[in-house]
Amino acid sequence: MKRKKTVKLSSIATVNLQQNLFERIFRVYHLKFDINSSATANETDFDLIFDKETALWLKSVLLQETKQERVNVEADNVADKQQTGEVSISFGFFEVIRHSVFCLSMGSIVLFFFGLFFTVVSFIEEVTLEQDGDIFISFLFMAIPAVWGIIKRFVDYQGYTFTKCGDNYHLQYGLLTKREYDFNRSRASAVVIKQPFIARMFGYCYGEIVNVGLGDETDSAESPIFCLCVKKEKLYQLLGEILPDYKQEEPIWPMSKKSQFLINPFLVCFFIGLPIGLIIGGGPIWLLLIAPAYVVLALFVRFLKIRTSGIGMQPKYATIVNGAFDKTTYITQYGKIQRMQIADSIITKPLGIAHGNVLVLASLTKSIITLPYMERGCLEKLSEEMLAHENRLRL
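So, how was this worked out
Residues numbered from 1 in each chain as written. Predicted model: local features only at pLDDT ≥ 70, side-chain atom pairs only at ≥ 80, totals over all residues. Heavy atoms only, no water. Helix = DSSP H or I, 4+ residues; strand = E, 2+ residues; numbered from the N terminus. Contact = heavy atoms within 4.5 Å. Polar contact = N/O pair within 3.5 Å; in protein donor to acceptor, adjacent residues only side chain to side chain. Buried < 20%, exposed > 50% of the residue type's maximum accessible area, 1.4 Å probe, protein only. Pairing = 2+ DSSP bridges. Phe/Tyr/Trp six-rings, centres within 6.5 Å; stacked < 30°, edge-to-face > 60°. Arc of directions from axis to C-beta. Salt bridge = Lys/Arg side-chain N within 4 Å of Asp/Glu carboxyl O. Axes fitted to C-alpha atoms, helices over the stretch in contact; angles between N-to-C directions. Core = buried A, V, L, I, M, F, W, Y, C linked by side-chain atoms within 4.5 Å. Disulfide = S-S within 2.5 Å.

1. What to know about the environment of serine 108
Item 1. With respect to the helices and strands, the residue serine 108 is situated in helix 4 (residues 106–124).
Item 2. Among all residues touching serine 108, those that are not within four sequence positions of it are Pro145 and Ala146.
Item 3. There is a polar contact of 2.9 Å between the side chain of serine 108 and the backbone oxygen of serine 105.

2. Side note on the side chain of threonine 348
Item 1. Along the polypeptide, threonine 348 turns up in the loop between strand 15 (337–343) and strand 16 (353–360).
Item 2. Residue threonine 348 is classed as buried on the basis of its relative accessible area of 3%.
Item 3. There is a polar contact of 2.7 Å between the side chain of threonine 348 and the backbone nitrogen of serine 345.

3. Here's the deal with the pairing of strand 12 (residues 310–313)
Item 1. Neither face of strand 12 is exposed, since Gly310 and Gly312 on one face and Ile311 and Met313 on the opposite face are all buried.
Item 2. Note: strand 11 (residues 253–254) against strand 12, 2 bridges, orientation antiparallel. By the bridge assignment, tryptophan 253 is partnered in strand 12 with isoleucine 311.
Item 3. Pairing between strand 12 and strand 13 (residues 317–323): 4 bridges, direction antiparallel. In the strand pairing of strand 13, glycine 310 is matched with valine 321.
Item 4. Linking two consecutive strands that pair antiparallel, namely strand 12 and strand 13, is a turn of 3 residues.

4. A short note on the packing of aromatic side chains
Item 1. Considering all chains together, one arrives at 13 aromatic pairs under this definition.
Item 2. Between tyrosine 157 and tyrosine 173, the aromatic rings sit 5.0 Å apart at their centres with planes inclined by 40°, giving tilted as the arrangement. Of the two residues, tyrosine 157 sits in helix 5 (residues 129–157) while tyrosine 173 sits in strand 6 (residues 168–173), which places them 16 residues apart along the sequence.
Item 3. Taking relative accessible area as the criterion, tyrosine 157 reaches 5% and is therefore assigned buried.
Item 4. Judged by relative accessible area, tyrosine 173 falls into the buried class, the value being 6%.

5. A look at helix 7 (residues 232–242)
Item 1. Listed as buried for helix 7 are Leu235, Tyr236, Leu238, Leu239 and Ile242. The buried residues of helix 7 all sit within an arc of 160° when viewed along its axis, so they share a single face.

6. Side note on the pattern of salt bridges
Item 1. In this structure the tally under the stated criterion is 7 salt bridges.
Item 2. When the shortest N-O distance is used, the salt bridge between aspartate 156 and lysine 152 registers 3.0 Å. Separated by 4 residues within a single helix, aspartate 156 and lysine 152 lie in helix 5, roughly one turn from each other.
Item 3. Three or more residues are tied together by salt bridges with common partners; here these are Lys59, Lys178 and Glu180.

7. A few points about the sheet that holds strand 9 (residues 204–210)
Item 1. One open sheet accounts for 7 strands, arranged 10-9-8-14-13-12-11; its pairing is antiparallel. Lying at the two open borders of the sheet, with one neighbouring strand each, are strand 10 (225–231) and strand 11.
Item 2. Here helix 3 (residues 93–102) sits on the sheet and contacts strand 9 and strand 10; the angle it forms with strand 10, its principal contact strand, is near 85°.
Item 3. Here helix 7 sits on the sheet and contacts strand 8 (190–195), strand 9, strand 10 and strand 14 (327–333); the angle it forms with strand 10, its principal contact strand, is near 150°.

8. Some details on the nonpolar core
Item 1. Of all hydrophobic cores here, the largest spans 42 residues; its most connected members are Phe91, Tyr160, Phe162, Phe226, Ile242 and Leu243.
Item 2. When residues of this core are assigned to their parent elements, the largest contribution, 6 residues, is made by strand 10.
Item 3. The contacts of leucine 243, once residues within four sequence positions are left out, are Tyr169, Arg185, Val191 and Ile209.
Item 4. Membership of the second largest hydrophobic core comes to 23 residues, among which are Ala190, Met255, Ile337 and Ile369.

9. Topic: the sheet that holds strand 15
Item 1. Strand order across the open sheet formed by 3 strands is 15-16-17, with antiparallel pairing between neighbours. Looking at which strands have only one partner, the edges of the open sheet turn out to be strand 15 and strand 17 (368–375). Looking at each pair of strands side by side, their axes are set apart by 20° on average, direction ignored.
Item 2. Pairing between strand 15 and strand 16: 6 bridges, direction antiparallel. Along strand 16, the bridge assignment pairs isoleucine 342 with glycine 356.

10. Digging into the state of the cysteines
Item 1. A full pass over the atoms with the stated rule returns 0 disulfides.
Item 2. Considering cysteine sulfurs only, cysteine 103 is the nearest to cysteine 229, which forms no disulfide, with 4.1 Å between them.
Item 3. Taking relative accessible area as the criterion, cysteine 229 reaches 0% and is therefore assigned buried.

11. Structural notes on the pairing of strand 14
Item 1. With respect to burial, strand 14 is a largely interior element, 5 of its 7 residues being buried.
Item 2. Pairing between strand 8 and strand 14: 5 bridges, direction antiparallel. When the bridges of strand 14 are listed, valine 191 appears paired with isoleucine 331.
Item 3. As judged from the 7 bridges shared by strand 13 and strand 14, these two strands associate in the antiparallel manner.

12. Some thoughts on unusual backbone geometry
Item 1. Even without being a glycine, arginine 27 presents a positive backbone phi close to 55°.
Item 2. Turning to its location among the elements, arginine 27 is positioned in the loop between helix 1 (21–25) and strand 2 (28–35).
Item 3. Owing to a relative accessible area of 44%, arginine 27 belongs among the partly exposed residues under this scheme.

Right, here's the structure in full:
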């Protein structure tokens, strides 16, 4: 069956190249480009295979043509697009290793140290040689998630370079699978500043750009990164040079402390049901400690969320912060928000708090930004700012 697709050059959001290890042997490239549409934001619109020379030539032609189209279509914004020169960022071997270690998930960290603790205690108790081998194998299995996480990120981001020339950006990384992205500043929907648990402990963070066509072909929740793990001050300095529309983080309104009174029905059932089940079933008495321990852990996580989460509103953009052990900061302009939803329930309404989400133009897994539990008036003000920005543009 033959199909034909026709696309306007002005609607192309990104032009990307990808080449895995097998394709390098045959000197071919995947040429991928996406249109600026929410209907197809969760998939790559065009995925074509060419030999190296043709792919590079076609990419340069598309970039040149789309740049000319943008000047014509967005003539009203030409004065706002100041050429700020070229900025190039690259990271060496040890910096990529540091990023890979700092981005380990909380689960893999806990599993690794639990296995390490169990192994050390077992050696202290002078186990037999046969037990020694079993314990070491168990530790290796517990260490696999952490080791795999480090290796995967290193392979993904080795050879990382980010180049900005005026309003155009070029992003390239990958050891085995080489990926190249080219896009325009106007296509960025949001900036995400992430601080995984280890990175947060040492004051490091990294930044992602949310945009249609960047990372749509992968199942990862990550968007392409414009800066690997660096000190927070350094990242915001780079952000000011790369994306001046997304300024430094401002003080935020914290998540409502009233949310600590929200009761999770599952916790109540678990706290009551486990002791009753153990008493009736005749299980070990020490298991009775699991229920209160789990409740205390859940309350501690809630406490960390209250201390971490919140929102901020500036004249042109909003800042949304979520997290407990990890911290994620979203920065998006009001004009990039397509929809905002505020929700409450029979429990939150009497407390005067609500939560919700905002939708920006990106792939499905990256387009929804969750709003933490806030005073409802605060969320209403964010909604009003979004609408007021739209009205100012019309005037």
